[in-house]
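For reference, the chains in residue letters:
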Amino acid sequence: MKIAKTLEYGFSNEEFEIRLERAQELLYENKLDALLISNPSNLRYFSGIDTHFWESPTRPWFLVVPLSGRAIAVIPEIGEKLFQKSFVKDIYTWSSPNINGDDISPLKSLLESLPSRFGAIGAELGKEMTIRMPVLDFGLLQDNSKFDIVDGTSLIWKLRTVKTINEIKKIERVTHIVSDVFEILPTLISINDSERDVARKFKREILKRGADSIPYLPVVSGKGGVSQIIGNPTSKLISSGDFLYIDTGTTFDGYFCDFDRNFTIGKASEVVKRINEILWHATEEGIKSLVPGAKTKDVWKKINKKIEDFGFLVQGEGRYGHGFGLQLTEPPSISSFDETIIQENMVLTIEPSIEYEPGKIIVHEENVLISKEGPILLTKRASKELPHIN
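This report concerns the structure included in the present document. Every value quoted in this text rests on a predicted model; they were computed, and no experiment measured them.

1. Things to note about empty space enclosed by the protein
Under the definition given, this model contains one cavity of 30 Å³ or more. Estimated volume of the largest cavity: approximately 30 Å³. Around the largest cavity, the lining residues are Thr 161, Lys 163, Gly 323, Phe 324, Glu 330, Pro 331, Pro 332, Met 346, Val 347 and Leu 348. Listing elements by their share of the lining of the largest cavity, those giving two or more residues are strand 13 (330-333) and strand 14 (347-350). Sorting elements by how many residues they give to the lining of the largest cavity places strand 13 first, with three residues.

2. So, the sheet that holds strand 6 (residues 148-151)
Read from one edge of the open sheet, six strands run 4-3-2-1-5-6, paired in mixed fashion. At either margin of the open sheet sits one strand with a lone partner, and together these are strand 4 (90-94) and strand 6. Going from strand to strand, the sheet's axes swing by 25° on average, the running direction of each strand aside. The pairing of strand 1 (residues 34-37) with strand 5 (residues 120-123) spans two bridges and is parallel. Paired with Ala 34 across the strands is Ile 121, a residue of strand 5. Across the face of the sheet, helix 1 (residues 13-29) comes into contact with strand 1 and strand 2 (62-66) while running at roughly 65° to strand 2.

3. Some remarks on the pattern of salt bridges
Where side chains of opposite charge bring their charged atoms close, a pairing between them can arise. Here the structure, examined in full by the defined rule, presents 28 salt bridges. In this structure, the salt-bridge partner of Asp 242 is Lys 236, at a minimum N-O distance of 2.7 Å. Residue Glu 366 pairs with Arg 381 through a salt bridge whose shortest N-O separation is 3.2 Å. With Glu 366 in strand 17 (residues 366-371) and Arg 381 in the loop between strand 18 (374-377) and strand 19 (388-389), this pair connects stretches of sequence that are 15 residues apart. Residue class for Glu 366 comes out buried when judged on its relative accessible area of 1%. Through salt bridges with shared partners, one network takes in Arg 44, Asp 50, Lys 170 and Asp 253.

4. Here's the deal with the packing of helix 9 (residues 270-289) against helix 10 (residues 296-309)
Helix-helix packing: each pair is described by the crossing angle between the helix axes and the interaxial distance. Where helix 9 contacts helix 10, the axes come no closer than 9 Å and their chain directions differ by 155°. Taken as axis vectors, helix 9 and helix 10 run roughly antiparallel relative to one another. Crossing angle aside, the handedness with which helix 9 passes helix 10 is right-handed. Contacts between helix 9 and helix 10 involve Ile 278, His 281, Ala 282, Glu 285, Gly 286 and Ser 289 on the former and, on the latter, Val 299, Lys 302, Ile 303, Lys 306 and Ile 307.

5. A few points about the packing of aromatic side chains
Applying the stated rule across the entire model yields 13 aromatic pairs. Both rings, one in Phe 62 and one in Trp 94, keep their centres 6.4 Å apart while their planes meet at 20°; by these two values the pair is stacked. With Phe 62 in strand 2 and Trp 94 in strand 4, this residue pair connects regions lying 32 residues apart in the sequence. Judged by relative accessible area, which is 0%, Phe 62 ranks as buried. Among the residues examined, Trp 94 registers a relative accessible area of 7% and is labelled buried.

6. Some details on the packing of helix 1 against helix 2 (residues 40-47)
Closest axis-to-axis distance for the helix 1/helix 2 pair is 8 Å, and the angle between their directions is 115°. With respect to helix 2, the element helix 1 is oriented roughly perpendicular. Residues Phe 16, Arg 19 and Ala 23 of helix 1 lie in contact with helix 2, whose contacting residues are Arg 44, Tyr 45, Phe 46 and Ser 47. The residue makeup of the contact of helix 1 with helix 2, split by class, is four nonpolar, one polar and two charged.

7. Structural notes on the pairing of strand 2
In terms of residue burial, strand 2 counts as a mostly covered element, since five of its five residues are buried. The side-chain alternation of strand 2 yields two buried faces, one formed by Phe 62, Val 64 and Pro 66 and the other by Leu 63 and Val 65. Relative to strand 2, strand 1 is paired through four bridges, and the arrangement is antiparallel. Counted as the bridge partner of Ala 34 is Pro 66 from strand 2. Here three bridges tie strand 2 to strand 3 (residues 72-76), and the two strands are oriented antiparallel to one another. In the strand pairing of strand 3, Val 64 is matched with Ile 72. Hairpin connection of strand 2 to strand 3: five residues between the antiparallel strands, including Gly 69 at a positive phi of 90°.

Rules behind the numbers
Residues numbered from 1 in each chain as written. Predicted model: local features only at pLDDT ≥ 70, side-chain atom pairs only at ≥ 80, totals over all residues. Heavy atoms only, no water. 1 Å grid on protein atoms, 1.4 Å probe; cavity = no way out; pocket = protein on both sides within 12 Å on 5 of 7 lines; lining within 4 Å. Points joined across faces, edges and corners; volume = space filled by probe spheres on them. Helix = DSSP H or I, 4+ residues; strand = E, 2+ residues; numbered from the N terminus. Pairing = 2+ DSSP bridges. Axes fitted to C-alpha atoms, helices over the stretch in contact; angles between N-to-C directions. Contact = heavy atoms within 4.5 Å. Salt bridge = Lys/Arg side-chain N within 4 Å of Asp/Glu carboxyl O. Buried < 20%, exposed > 50% of the residue type's maximum accessible area, 1.4 Å probe, protein only. Parallel < 35°, antiparallel > 145°, perpendicular 65-115°, else oblique. Left-handed = near helix turned anticlockwise from the far one by under 90°. Phe/Tyr/Trp six-rings, centres within 6.5 Å; stacked < 30°, edge-to-face > 60°. Nonpolar A, V, L, I, M, F, W, Y, C, P; charged D, E, K, R; others polar.

Given below as structure tokens:
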């Protein structure tokens, strides 16, 4: 495999050329004349554009990857100077928002100028994808294009689920930063800190050590366990007897880590200690099962069996992990129904959970790189015993 030189921030043009060439190979294999991109993570993947301006939904931004030739940006005028610094050099702009409310004519004109070999264009229409334009505008584009606009999701994920060496380096960096902070967290927080206090101290230390942002940070506490694992921190004070759950999606140069750690405030109950140990073993089983050629559904089965071997009958068929990268969660899912074959240079989470009492749940999560030889743990492995905070 051709490897591009790494940069601490961003990627070399060579890296983007490799992505473009691979995308065009897949376009040909899938009999598509182009790929229409509007989702921020996909725009970043193909162009390197990094901006928080995505937070504004006022203007749509488009990138067209043709069957041959260079990628083409079709963007509002406000983004022209930024895009001129990117890998993408063919840039078309229009005034947006404009008096006529027309944000698709420039894109339509460009698409009409493309040669039609297969008569179809792929777009972000499938699972774990979104098109970032008004649905009404997308309908007009479909109705007035010489191309059929079809789902190109599988092509995009085929590119993005297997990471490049330079993407992996960014993920490694952020997982190491956050692992180190989780390790010292019991020395930073104390009883009578609020969940928000805990979050602030955690964020401060992570940013000080070189991470860029913390878009996702549930901090949840409760007596003997927690009932949910996705809510933002509140003003609730942590106190003796609490179980404390912290999960984070932290980024370095746009690439996420995604893992949690559990703590007990004072002494943990025997039930909590037992469930924690069961999940540690289930996680271990999942990690060692992540080898090239395995199916994600078979990894799920092995994790599930390990939990059931300890006497817990798992209800439902929720997932026990997933991919991640430019997004907090990406395909594949480690679930009972996902047929994905695990490949070298995928980066996945192992994330088993148990609801051990009604309204009481514990989750373990680690981040793993798939190498030719097998799994490489990116996170510092959680202790089999719950760390406690006095």
